[in-house]
8 protein chains.
Amino acid sequence: HHHEYVDAAVDAHDDWARRRRKGIPTDKQLLVVACMDERIPVEGALGIELGDAQIYRNAGGKVTDDVIRSAALTTQFFDTEEIIVVNHTDCGMMSAPDDAVVEGLEAAAGGDLDDVDLDPALPELSIGDAGVADWVRMTDDIDKACAAQVRYLDEHPLVDATVHGYVYEVESGQLRYPGGRIAEEISTRVE
Amino acid sequence: HHHEYVDAAVDAHDDWARRRRKGIPTDKQLLVVACMDERIPVEGALGIELGDAQIYRNAGGKVTDDVIRSAALTTQFFDTEEIIVVNHTDCGMMSAPDDAVVEGLEAAAGGDLDDVDLDPALPELSIGDAGVADWVRMTDDIDKACAAQVRYLDEHPLVDATVHGYVYEVESGQLRYPGGRIAEEISTRVE
Amino acid sequence: HHHEYVDAAVDAHDDWARRRRKGIPTDKQLLVVACMDERIPVEGALGIELGDAQIYRNAGGKVTDDVIRSAALTTQFFDTEEIIVVNHTDCGMMSAPDDAVVEGLEAAAGGDLDDVDLDPALPELSIGDAGVADWVRMTDDIDKACAAQVRYLDEHPLVDATVHGYVYEVESGQLRYPGGRIAEEISTRVE
Amino acid sequence: HHHEYVDAAVDAHDDWARRRRKGIPTDKQLLVVACMDERIPVEGALGIELGDAQIYRNAGGKVTDDVIRSAALTTQFFDTEEIIVVNHTDCGMMSAPDDAVVEGLEAAAGGDLDDVDLDPALPELSIGDAGVADWVRMTDDIDKACAAQVRYLDEHPLVDATVHGYVYEVESGQLRYPGGRIAEEISTRVE
Amino acid sequence: HHHEYVDAAVDAHDDWARRRRKGIPTDKQLLVVACMDERIPVEGALGIELGDAQIYRNAGGKVTDDVIRSAALTTQFFDTEEIIVVNHTDCGMMSAPDDAVVEGLEAAAGGDLDDVDLDPALPELSIGDAGVADWVRMTDDIDKACAAQVRYLDEHPLVDATVHGYVYEVESGQLRYPGGRIAEEISTRVE
Amino acid sequence: HHHEYVDAAVDAHDDWARRRRKGIPTDKQLLVVACMDERIPVEGALGIELGDAQIYRNAGGKVTDDVIRSAALTTQFFDTEEIIVVNHTDCGMMSAPDDAVVEGLEAAAGGDLDDVDLDPALPELSIGDAGVADWVRMTDDIDKACAAQVRYLDEHPLVDATVHGYVYEVESGQLRYPGGRIAEEISTRVE
Amino acid sequence: HHHEYVDAAVDAHDDWARRRRKGIPTDKQLLVVACMDERIPVEGALGIELGDAQIYRNAGGKVTDDVIRSAALTTQFFDTEEIIVVNHTDCGMMSAPDDAVVEGLEAAAGGDLDDVDLDPALPELSIGDAGVADWVRMTDDIDKACAAQVRYLDEHPLVDATVHGYVYEVESGQLRYPGGRIAEEISTRVE
Amino acid sequence: HHHEYVDAAVDAHDDWARRRRKGIPTDKQLLVVACMDERIPVEGALGIELGDAQIYRNAGGKVTDDVIRSAALTTQFFDTEEIIVVNHTDCGMMSAPDDAVVEGLEAAAGGDLDDVDLDPALPELSIGDAGVADWVRMTDDIDKACAAQVRYLDEHPLVDATVHGYVYEVESGQLRYPGGRIAEEISTRVE
């Protein structure tokens, strides 16, 4: 009878809509950590679709306490088993020296950043003796930065997952391994 | 001559690939803050395309210090003028009571969370007297939570932008205003 | 020879055009009873195509004597074996109280509805001591109403079929089981 | 700002989902009355789309008390201004003589139909001295039947609308005016 | 080697371009005889494609000496084994009585048609004692006419093929067998 | 009102289905005379569509008495004003010498063709003193043949139309003017 | 794990981008030598795609020292095993007599061509006693020219490959074998 | 009349097929000089289509005497006014040192290259005192090589055209200006 076909569709939609409550993991049991840059087609670059993976994105694709919080929750409670980090060339985190960034933020704050709640929902959060530049975490070299983020996640006690990282080249629309840039190499003669 | 056409294409690609370095903002001067849930088609739900907006996503779409960091950078340095927050129904942040989450994380850490670096790249970061549950920030009511995130961003001294928020209904594939749920209303008689 | 191919096409068209006269049932031996609301994509919602099912539709998707007439004919004479009822949220039958509807109809009739033939082709039809509101049959709760229509059909001596019912949510474009609304549930914390 | 675009989409969806409650009529202010036959592509044949018109369908596309109820509600309360009737060739209502139908129903009822509630939700409904065949309302000639249904609706005091009717030819996939059959005419010589 | 692929393509094109010279028959070894009317989609109606069949078309789809010439050549020399005749409703050959046609042609000739070469390339061709109307061959009934053309071809000594005929209904876009019109039948009650 | 839209569609279909009876000409008032070869995409080659033109086709695209009959009827009675002749390369009419064809037909007839009715529906038709080869009308040169067919039609008293002709090259899929072959020319040096 | 899928894509792109450096040959191990004429769809005509073959093109598709250089490199170092030559009708190399070309070039040079470096990057290159017309190498007959280019490549000691040639007909969009022109043949009667 | 439409199509095809003979230039009056590498989508990269430009391609996209011959012919006789040079990364001309190439060719020749006709159709062609490596012309740096080819063409007395050059990056599928590589730049911090 046709109602069995309809029932199956109704049940599938219920699984989708109450997925978290029912304890159903993402289709690929995957968390992606990527930069928030507007030029990164995260799903397309990784070959994933809606439902496949949770996607964490922030300025620079850097491992912060928020990444640890998010990764801990999904690996401990939502059956996520794998993390893929995606950084990218021409990242905004490479667009200025530390000094310029700190000065800009102080100007915005109208003075010293010590008087500002870095986390408005959790005023107790502080960075102690570290400087604002440490908290902003600009990037010197995107390939090295990517490798470092992989390491931070891989070694963290609250995060239980296989971790890999890639650099997305905005100039080519391709992923490369950290350190795997070939653009210089292939423009000159083999010796 | 045809080389003018080719030059224009080469220049447009250079603008795309070196956009940040050249100080070109996102096409809509927009930052989206959304949950990292695998069921949220952020671009489709908001009617935006690659290039239009930076997209910050974390567990719960909550305003953390990382959101402040990211929002401060883009509004102060990248000409971003607007922020849209997207929370959603059946969020994982509503799937357990605080106690259960804290216990789970402690078990993962093999003991007390005080001994764990919440931010492996910034060990100085601490939450002081706040409890782990405060840092995890679970959600009681998704509509109220959405309104609160909007308020946090709107009032923060480092963030300079117009802020609005919406709840994405995973059961309907539609956005609603916070508090704008109609599902109960339209299932019974008008009185 | 090619004429055999052409003959087969001619015969198939004859089966379609004289289907009723030749005693050929619907492809799924199915009758759908649904509301006449302009927002219900009956075929799409049920996953059926032209030829699969007869589709009865009236104001509210309510079981009237006309539904009994139509269902009796198709189950007794056209080999239909299954009935699916589709009601929907925001139904017009929930848009006003009984009093307002009766008053509106009396105003349209220019007085008492007793003087009007409820069935112009069958003036002998009457509703006896029942009130006009009973005949109009407004809806208090769409989920309970759906369950009731299923029961009316399931128990009627002239109707011989398996009967199931669903509520179509116009806000989500999804079917639910009667009573299966989840929208409230997934907006707040699990306790 | 982009939130204005999002707001407009949220509001449009609210209009769709609460259309009846907000008193928004169908897009064409149109009610269609058609047969429930599985071969009638009602929307395609009339060139209408989801949202354009309410669609009443029963066995034969006949004007019953349920049609009057439904048409009265939509023309008096939902701003509907036009009704289109669609009957069709090879209708099941022409597939047997009255006697055969009445006998079949009596056999299904296990005896006399007087003991059966014609309307299980409104047991007070009766057809008085009329026979079962009058209630079943088989069809002798589909073109004359179509014209009659138009007349019943056009003249009824509770129904306030412009009314037109067409016969859908299942053999050609085309609509014709009642009495407008040309198939015989164009198969022989003009005299 | 790739040149083998190219050679195969070159050879296939040579077969197509010199098909007749090489004695290659049509793909379905089929000849269609149809009316020249602008509304007949001959290939679509029969489910054939370019290359499948030779297609003879004249006024009325009538078997003339030119049809016999063409059918004799293809069945005797080009391996054609089957003929399908396609006549159609609303044929121009039914649009006037014999008298009107003969008068019109005489007016065009400026007098008697006896003085006109019916075949300008073969002035010896004559119709002897037959009248012009016999040569024009108007149609009284399209179904009977179709059956007659099938018979003429089937019995002719120079034509060696299986012969079938269909009437294409311009009103429905469907083929029927000669005499297989159902339009009247399905508009009235079964007795 | 929407019924006006429906009425317009019903009327347009009536014009199509009773076009000849209503005296409506082809959309381009055009008759095409072409060969019946299976490789000629007549509509595509001429850039015409269903409804644009009547299409006469026989063996060789030759002007016979049947062409005169068909062309006379459409130019005198159906408002056709233009004729286009399409012959083609590799025509079957060039595939054998006259003797071989005549012998083949005599063999098929089992003797002399004088004893065969060339037109089974019009036994009075005869070719007098002409030979069978004259009636078969094989082709020596396709470009000259095309020009001759144009002349026959242009000069015939019963045919009132502008006449042009083209040769369709099956080897190139292109039309050329009669005598306009360039294939040799462009394979060698300009002198 | 999903990173294996991503790794495979990254590796495949590296093979493409560093193909030559990694010693990966073309997909079909094929070199095409064709004319530079703007009307030759080389890939489409040969049924090849990006990656399949290296494509050498010059004025006339003639075997010059540059062809020998290019063919030697690819057959000796890049595993190319096959060469296909494509010449074409209406080639510019047939558009003028030798005298006119030499005069034109001398006028452009403002005098004697002996004073011009034929190869600006290799001034030592000279044509000795040969005339300018020998170096320009106009074409008398495109089919013979094609056969000659095949022979030059096939016999050259530095070129190690299977060699075939075709003439592309710009008038038909088809390839033919050298000498395989059929256009004249199929326009006249078989004898 | 429709024949005017057909005539226009026949004439346009004649212009295409006899373009060179009629003195019609390429649609963009453009010559492209590119490498023969199988990964260069020349038309797509430059945004041109069939008919727009002549395309010269050889090993390395180097300016040889054959390029001068081809460019001289098209700029002096075919109204070409512009030349675009396309070199590319990972070119085979950078895949080995000079010594290795010369040794490989000598091995293929079975000894000294002095005994080999570099141009089999023009044995008088010699490279005088230059070495084989000079004739092979390997590439050290692709950006410098591209600029040099532009200069050779721009300065040559037989070539009369505007000349521009680009490097096609096989790793990104993008063109760059010679020297315009950005891949290193955008992977590290702005200082």
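Being a predicted model, the structure only gives us computed values, none of them experimental.

(A) Broad picture of the domain arrangement of chain A. All names here are of chain A. One can read the domain layout of chain A as domain 1 (26-95 + 138-187) and domain 2 (97-137). In this assembly, 7 residues from domain 1 lie in contact with 6 residues from domain 2. Remark: the boundary between domain 1 and domain 2 carries 0 salt bridges. Remark: the boundary between domain 1 and domain 2 carries 2 residue pairs in polar contact (both at pLDDT 80 or more). Tallied by class, residues from the side of domain 1 that touches domain 2 come to 3 nonpolar, 2 polar and 2 charged.

(B) Just the packing of aromatic side chains, in detail. Applying the stated criterion across every chain yields a total of 12 aromatic pairs over all chains. With 6.1 Å between their ring centres and 35° between their planes, E:Y166 and E:Y177 make a pair best called tilted. With E:Y166 in strand 4 (residues 162-169) and E:Y177 in the segment after strand 5 (174-176), this residue pair connects regions lying 11 residues apart in the sequence. The exposure class of E:Y166 is buried, given its relative accessible area of 1%. A cation over an aromatic ring shows up here: A:R20 above the ring of A:F78, its NZ or CZ 5.1 Å from the ring centre.

(C) Structural context of the relation of the copies chain A and chain B. Between chain A and chain B, the superposition needs a rotation of 180° and an axial shift of 0.0 Å, giving an RMSD of 0.1 Å. On this basis, the relationship between the two copies can be described by a two-fold rotation axis. Minimal C-alpha separation from the rotation axis in chain A is found for A:R57, amounting to 2.4 Å. When the interface residues of chain A are mapped onto chain B, 100% of them are again interface residues, pointing to one common binding face.

(D) Spatial organisation of the arrangement of the chains. Considering only C-alpha positions, the minimal separation of the non-contacting chain B and chain G is 15 Å. The two units chain E and chain H remain apart, with a minimum C-alpha distance of 15 Å.

(E) Layout of helix 3 (residues 65-77) of chain B. All names here are of chain B. Taking 1.5 Å per residue, 13 residues should reach 18 Å; helix 3 reaches 18 Å between its end C-alpha atoms and fits that length. Counting buried positions along helix 3 gives 11 out of 13 residues, so the element sits mostly inside the fold. Every buried residue of helix 3 is accounted for by D65, D66, V67, I68, R69, S70, A71, A72, L73, T74 and T75. Backbone nitrogen of D66 and a side-chain oxygen of the N-cap are separated by 3.2 Å at the start of helix 3; the cap is T64.

(F) Fine view of the interface of chain B and chain C. Opposite the 28 residues of chain B that make contact, chain C presents 28 residues. When the buried area of chain B at its contact with chain C is split by residue, B:I186, B:S187 and B:R189 rank highest and sum to 33% of it. Across the contact surface, chain B and chain C share 4 salt bridges. Between C:R189 and B:D98 there is a salt bridge whose closest N-O contact spans 3.2 Å. Each residue belonging to the side of chain B that touches chain C can be placed in one class, and the counts come to 11 nonpolar, 7 polar and 10 charged.

(G) Examining the packing of helix 4 (residues 98-109) of chain A against helix 3 of chain B more closely. Contact geometry for helix 4 of chain A and helix 3 of chain B: axes closest at 10 Å, N-to-C directions at 90°. With respect to helix 3 of chain B, the element helix 4 of chain A is oriented roughly perpendicular. Residue-level contacts link A:A100, A:V101, A:G104, A:L105 and A:A108 of helix 4 of chain A to B:A72, B:L73, B:Q76 and B:F77 of helix 3 of chain B. Class assignment for the residues of the contact of helix 4 of chain A with helix 3 of chain B results in 7 nonpolar, 2 polar and no charged.

(H) Layout of the side chain of H:Q54. Residue placement: H:Q54 occurs in strand 2 (residues 53-58). When its relative accessible area of 2% is taken as the criterion, H:Q54 is described as buried. At a separation of 2.4 Å, a polar atom in the side chain of H:Q54 contacts the side chain of H:T74. Setting aside residues no more than four positions away along its own chain, H:Q54 makes contact with G:M36, G:D37, G:E38, H:R20, H:T26, H:L30, H:L31, H:V32, H:T74, H:F78 and H:T80.

What counts as what
- Residues numbered from 1 in each chain as written.
- Chains lettered and ligands numbered in written order.
- Predicted model: local features only at pLDDT ≥ 70, side-chain atom pairs only at ≥ 80, totals over all residues.
- Heavy atoms only, no water.
- Domains from an automatic or database assignment.
- Contact = heavy atoms within 4.5 Å.
- Salt bridge = Lys/Arg side-chain N within 4 Å of Asp/Glu carboxyl O.
- Polar contact = N/O pair within 3.5 Å; in protein donor to acceptor, adjacent residues only side chain to side chain.
- Nonpolar A, V, L, I, M, F, W, Y, C, P; charged D, E, K, R; others polar.
- Phe/Tyr/Trp six-rings, centres within 6.5 Å; stacked < 30°, edge-to-face > 60°.
- Helix = DSSP H or I, 4+ residues; strand = E, 2+ residues; numbered from the N terminus.
- Buried < 20%, exposed > 50% of the residue type's maximum accessible area, 1.4 Å probe, protein only.
- Lys NZ or Arg CZ within 6 Å of the ring centre and 35° of its normal.
- Least-squares fit on C-alpha atoms with pLDDT ≥ 70 in both.
- Expected span 1.5 Å × (residues − 1).
- Buried area = accessible area lost by both parts, 1.4 Å probe.
- Axes fitted to C-alpha atoms, helices over the stretch in contact; angles between N-to-C directions.
- Parallel < 35°, antiparallel > 145°, perpendicular 65-115°, else oblique.

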